Amino acid sequence: MARALIIFGSTTGNTENTAERIGGILSAKGLEVTVENVSDVTLGNESDYDLVLYGCSTWGEDEIELQDDFIDYYEAMDKAALSGKKVGVFGCGDSAYTYFCGAVDAIEEKVRQIGGKLVAEGLKIDGEPDDYEAEIDAWAEQVAAA
Ligand SMILES: Cc1cc2nc3c(=O)[nH]c(=O)nc-3n(C[C@H](O)[C@H](O)[C@H](O)COP(=O)(O)O)c2cc1C
């Protein structure tokens, strides 16, 4: 059975709920899924999985700021075992801000730099994830099939 790791950083729970929803879809598609808060992740464990998904919300006003808990992981991400691995990135944000879901863009850029293979365009959720259930499910099905 293919194994998927979903790593999320979330302050008010929106990206966490999205991570859980995506995990549910992947499980229904037959993948063995682990959903982990980025604060609890051991860097390097990505190598045990076939698919790695990152979820991170965006904070800050004048520049892109990753969700607080994600910053340490992001800064050490050069050591993440992603080379040649299937990867997808999602996050919650608000299009009223200059850098709408800028964390998704920043993480995707980092994944490219360290040799990960992005299997879907980043999923950017504008506002409440409850309003994006169809888009979230479609994205999860896309990465599950990649
Ligand atoms: C002070 C503040 C700054 C924010 N900055 C951004 C931003 O730069 N870009 C963006 O897309 N969303 C921004 N947001 C919106 C959050 O990312 C959004 O509320 C998101 O749903 C939070 O997700 P989480 O609960 O998973 O942390 C900001 C929100 C606050 C309160």
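Residues numbered from 1 in each chain as written. Predicted model: local features only at pLDDT ≥ 70, side-chain atom pairs only at ≥ 80, totals over all residues. Heavy atoms only, no water.

Per an unreviewed UniProt entry, the protein is named Flavodoxin, and its organism is Desulfoluna butyratoxydans. Per its UniProt entry, the protein bears the Cofactor (unreviewed entry) comment "FMN". Annotation of the protein in UniProt includes, under Function (unreviewed entry), the sentence "Low-potential electron donor to a number of redox enzymes." (UniProt positions renumbered as here; feature names shortened; annotations may be inferred.)

### Quick word on the packing of aromatic side chains
As enumerated under the stated definition, the model contains four aromatic pairs in all. Between F90 and W139 the ring centres are 5.7 Å apart and the planes differ by 65°, which places this aromatic pair in the edge-to-face class. In this pair, F90 sits in strand 6 (residues 86–93) while W139 sits in helix 4 (residues 133–145), placing the two residues 49 residues apart along the sequence. W139 matches F90 in its accessibility class, with the two residues each being buried. Ring-pair connections join several aromatic residues into one group, and the members of that group are Y54, F70 and Y73. Geometry around Y49 places R3 over its ring, the cationic atom sitting 4.6 Å from the centre. Over the ring of Y74 we find K110; its NZ or CZ atom is 4.9 Å from the centre of that ring. (Phe/Tyr/Trp six-rings, centres within 6.5 Å; stacked < 30°, edge-to-face > 60°. Helix = DSSP H or I, 4+ residues; strand = E, 2+ residues; numbered from the N terminus. Buried < 20%, exposed > 50% of the residue type's maximum accessible area, 1.4 Å probe, protein only. Lys NZ or Arg CZ within 6 Å of the ring centre and 35° of its normal.)

### Some details on the site of the ligand
Close to the ligand lie 18 residues, the nearest being S10, T12, T15, S57 and T58. Contact distances for the ligand include 2.8 Å between an oxygen atom and a backbone N or O atom of C101. For the ligand, the protein covers 83% of the area, taking 650 Å² as the surface of the free molecule. For the shell around the ligand, the elements supplying multiple residues, two or more each, are helix 1 (14–28), strand 4 (58–59) and strand 6. Looking at the shell around the ligand, its residues break down into six nonpolar, 10 polar and two charged. (Near = heavy atom within 4 Å. Polar contact = N/O pair within 3.5 Å; in protein donor to acceptor, adjacent residues only side chain to side chain. Areas by Shrake-Rupley, 256 points an atom, 1.4 Å probe, with all protein chains shown as cover. Nonpolar A, V, L, I, M, F, W, Y, C, P; charged D, E, K, R; others polar.)

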